[in-house]
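An overview of the molecular structure
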Amino acid sequence: MFDNLSDKLDKAFHILKGHGKITEVNVADTLKEVRRALLDADVNFKIAKDFTTKVKEKAIGENVLTTLQPGQLMVKLVKDELTELMGGDVAGVNLSGNPSIILMSGLQGSGKTTFSGKLANFLKTKKNKKPLLVACDIYRPAAINQLHVVGEQIGVEVYSEEGNKNPVEIAQNAIKHAKANGFNVVIVDTAGRLAVDEEMMNEIANVHKAIEPHETLFVVDSMTGQDAVNTAKAFNDRLNFDGVILTKLDGDTRGGAAISIKSVVNKPIKFIGTGEKMEAIDVFYPSRMADRILG
Ligand code: GDP
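- In the nomenclature of an unreviewed UniProt entry, the protein is known as Signal recognition particle protein of Flavobacterium alkalisoli.
- What UniProt records for the protein under Sequence similarities (unreviewed entry) is the sentence "Belongs to the GTP-binding SRP family. SRP54 subfamily."
- What UniProt states about the protein under its Subunit (unreviewed entry) heading is, verbatim, "Part of the signal recognition particle protein translocation system, which is composed of SRP and FtsY."

Here it is as structure tokens:
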């Protein structure tokens, strides 16, 4: 994960090796390379610029007080800033409802259906919940089948209505079914498109309004870099979602989405997907991710 970025940051920190203290000049040289590394990782230009400005101020300020070597100080400051940028504290999922209703949103192919299964499995096995999965993709019978296959794999019931073309109705009926049958979490998987379009946004906004979810999650493919951030913004403008799920972090992703998304939409990343299997889900810890980025 993020090998390229880790290597480049490491090279940047090397500039300070052998220097007894931080100076305006050596810090500027180092941060120029840090900024370049972030831009290469597909971090938005303004975020990369603000990032290095903040680290520079802290480096000059703390230099006087610290006993750390310049290189160590810089690693620490970059790590702290990355952690802050990616969300600071760990954010959980709101499970206060009975049932707790979780709405999944995102583009087609982002990993929504897979993640719905992973989340159901996580809540069942780790949180002792009884989840119900709901198939609301009325356009692609294959998507409904896919959710049934996932449900079978993890031993979680899947609610779907063959022939019903109204996702609001399906979601509402599913919630009634959950209440009547003792399910305490309802995970609603919705239809995505290949790109943001008005019809899809209207549809998911209608479902959102009708079922008033406790938690609305936006799923995005981390391999799509800056596009991931732009798509997040479009969905957030419409749904005001609660959290982001970054998928495919096991792939050759450059890291830009992980680093930028929180500061653009001001919503935390809550989970990451790290593979196709149902167990490939991790709670997102900003500080652990920062550690990984720093290699
Ligand atoms: P949806 O259209 O948003 O429901 O996306 P799917 O759940 O069908 O996922 C699209 C493809 O991405 C499938 O082939 C999944 O197996 C794959 N996928 C989903 N999540 C991950 C992940 O975290 N890592 C990898 N490597 N593949 C994933």
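So, the overall build of the protein
- Counting secondary structure elements, the protein contains 11 helices and 8 strands.
- In terms of overall dimensions, the protein has C-alpha extents of about 70 × 40 × 30 Å along its principal axes.
- Expressed as a percentage of its 295 residues, the buried residues of the protein come to 53%.
- Across the protein, the fraction of contacts at a sequence separation of at least 24, relative to all contacts at a separation of at least 6, is 76%.

Section: unusual backbone geometry
- In this structure, the amide linkage connecting N98 to the following residue, P99, adopts the cis form with an omega of 0 degrees.
- Structurally, P99 is set in the loop between α4 (70-86) and β1 (100-105).
- The phi torsion at E212 lies on the positive side, around 40 degrees, for a residue other than glycine.
- Within the secondary structure, E212 is located in the loop between α8 (198-211) and β5 (215-221).
- The backbone of K248 shows a phi angle near 65 degrees, a positive value even though the residue is not glycine.
- Its location among the elements puts K248 in the loop between β6 (243-247) and α10 (256-265).

Points about the packing of α4 against α10
- At a minimum axis separation of 7 Å, α4 and α10 run at an interaxial angle of 55 degrees. With respect to α10, the axis of α4 lies oblique. Residues L82, L85 and M86 of α4 touch α10, and the partners they reach there are A258, I259, K262 and S263.
- Its residues placed into classes, the contact of α4 with α10 shows 5 nonpolar, 1 polar and 1 charged.

A look at the pattern of salt bridges
- Applying the stated rule across the entire model yields 15 salt bridges.
- A salt bridge links D42 to R254; the shortest N-O distance between them is 3.5 Å. With a gap of 212 residues between them, D42 in the loop between α2 (24-40) and α3 (45-63) and R254 in the loop between β6 and α10 connect regions that are remote in the sequence.
- In this structure R254 comes out as partly exposed when scored by relative accessible area, which is 48%.
- The partner of K58 in a salt bridge is E81, with the nearest N and O atoms 3.1 Å apart. Residue K58 is located in helix α3, and its partner E81 is located in helix α4; the two are separated by 23 residues in the primary sequence.
- Since its relative accessible area comes to 37%, K58 is described here as partly exposed.
- Looking at E81, the relative accessible area reads 5%, which means it is buried.

Considering the packing of α4 against helix α11 (residues 286-293)
- At a minimum axis separation of 8 Å, α4 and α11 run at an interaxial angle of 135 degrees. By the angle between their axes, α4 is oblique relative to α11. Note on packing geometry: the crossing formed by α4 with α11 is right-handed. On the side of α4, the interface is formed by K79, L82, T83 and M86, while α11 contributes P286, S287, M289, A290, D291 and I293.
- Residue composition of the contact of α4 with α11, by class: 6 nonpolar, 2 polar and 2 charged.

Observations concerning helix α9 (residues 226-239)
- The terminal C-alpha atoms of α9, which comprises 14 residues, lie 20 Å apart, in line with the 20 Å expected from a rise of 1.5 Å per residue.
- Residues of α9 that are buried: A228, V229, T231, A232, F235, N236 and L239. The arc that holds the buried residues of α9, viewed along the axis, is 165 degrees, so those residues lie on one side. In α9, the exposed positions angled more than 90 degrees off the buried face are occupied by D227 and D237.
- Where α9 ends, the next residue or the one after it, N240, has phi of about 50 degrees, a positive value.

Rules of the game
Residues numbered from 1 in each chain as written. Predicted model: local features only at pLDDT ≥ 70, side-chain atom pairs only at ≥ 80, totals over all residues. Heavy atoms only, no water. UniProt positions renumbered as here; feature names shortened; annotations may be inferred. Helix = DSSP H or I, 4+ residues; strand = E, 2+ residues; numbered from the N terminus. Buried < 20%, exposed > 50% of the residue type's maximum accessible area, 1.4 Å probe, protein only. Contact = heavy atoms within 4.5 Å. Axes fitted to C-alpha atoms, helices over the stretch in contact; angles between N-to-C directions. Parallel < 35°, antiparallel > 145°, perpendicular 65-115°, else oblique. Nonpolar A, V, L, I, M, F, W, Y, C, P; charged D, E, K, R; others polar. Salt bridge = Lys/Arg side-chain N within 4 Å of Asp/Glu carboxyl O. Left-handed = near helix turned anticlockwise from the far one by under 90°. Expected span 1.5 Å × (residues − 1). Arc of directions from axis to C-beta.

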